[in-house]
Amino acid sequence: MEKTTNTYVAKTAKQILTIQDAEKQVKEMQGFKTTISKSKDVTGSFLNSTGMYDKNGKLKKVYK
């Protein structure tokens, strides 16, 4: 049986992700966002690594 609170559902048997883990991941993602947004080159290489953008920084036709 699950206990419901006002912010999340807590699993009693096995908890997959705790609130602390989620908050830690959010902070890591925010730090990464800051890092990649500092430079146009870094941002371009990140977007290229996702596979959605080509080497020229243009969105691929598949995703348009």
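Keep in mind that this is a model prediction, so the values were computed, not measured.

Caption draft 1: Layout of the overall build of the chain. Counting its regular elements, the chain contains two helices and two strands. The order of α-helices and β-strands along the chain, N terminus first, is β-β-α-α. Within the chain, the proportion of its 64 residues that are buried is 3%. Of the roughly 6,000 Å² of accessible surface on the chain, a fraction of 56% belongs to carbon and sulfur atoms.

Caption draft 2: Structural detail: the packing of aromatic side chains. Scanning the entire structure with this criterion turns up one aromatic pair. Measuring from centroid to centroid gives 5.3 Å for F32 and F46, while their planes differ by 75°, and the two rings are edge-to-face. Of this pair, F32 sits in helix 1 (residues 19-37) while F46 sits in helix 2 (residues 40-49), and the two are 14 residues apart along the sequence. Accessibility expressed as a relative area gives 43% for F32, which makes it partly exposed.

Caption draft 3: Region of the structure containing the environment of L59. If you trace the backbone, L59 turns up in the segment after helix 2. Residue classification places L59 among the partly exposed residues on the basis of a relative accessible area of 28%. Apart from the residues within four sequence positions on either side, L59 is in contact with M52, Y53 and K64.

Caption draft 4: Representation of a nonpolar patch on the surface within the structure. A grouping of M52, V62 and Y63 is seen on the molecular surface, where their side chains present a nonpolar patch of about 310 Å² in accessible area. Along the chain, the position of V62 falls in the segment after helix 2. Residue classification places V62 among the exposed positions, given a relative accessible area of 72%.

Caption draft 5: Region of the structure containing the packing of helix 1 against helix 2. With their axes 6 Å apart at the nearest point, helix 1 and helix 2 run at an angle of 120° to one another. Looking at the two axes, helix 1 sits oblique to helix 2. Between helix 1 and helix 2, the residues in contact are F32, T35, I36 and S37 and V42, T43 and F46, respectively. In terms of residue class, the contact of helix 1 with helix 2 is built from four nonpolar, three polar and no charged.

Conventions used here
- Residues numbered from 1 in each chain as written.
- Predicted model: local features only at pLDDT ≥ 70, side-chain atom pairs only at ≥ 80, totals over all residues.
- Heavy atoms only, no water.
- Helix = DSSP H or I, 4+ residues; strand = E, 2+ residues; numbered from the N terminus.
- Buried < 20%, exposed > 50% of the residue type's maximum accessible area, 1.4 Å probe, protein only.
- Areas by Shrake-Rupley, 256 points an atom, 1.4 Å probe, with all protein chains shown as cover.
- Phe/Tyr/Trp six-rings, centres within 6.5 Å; stacked < 30°, edge-to-face > 60°.
- Contact = heavy atoms within 4.5 Å.
- Patch = residues over 30% accessible without salt bridge, like charges linked within 9 Å, V, L, I, M, F, W, Y side chains within 5 Å.
- Salt bridge = Lys/Arg side-chain N within 4 Å of Asp/Glu carboxyl O.
- Axes fitted to C-alpha atoms, helices over the stretch in contact; angles between N-to-C directions.
- Parallel < 35°, antiparallel > 145°, perpendicular 65-115°, else oblique.
- Nonpolar A, V, L, I, M, F, W, Y, C, P; charged D, E, K, R; others polar.

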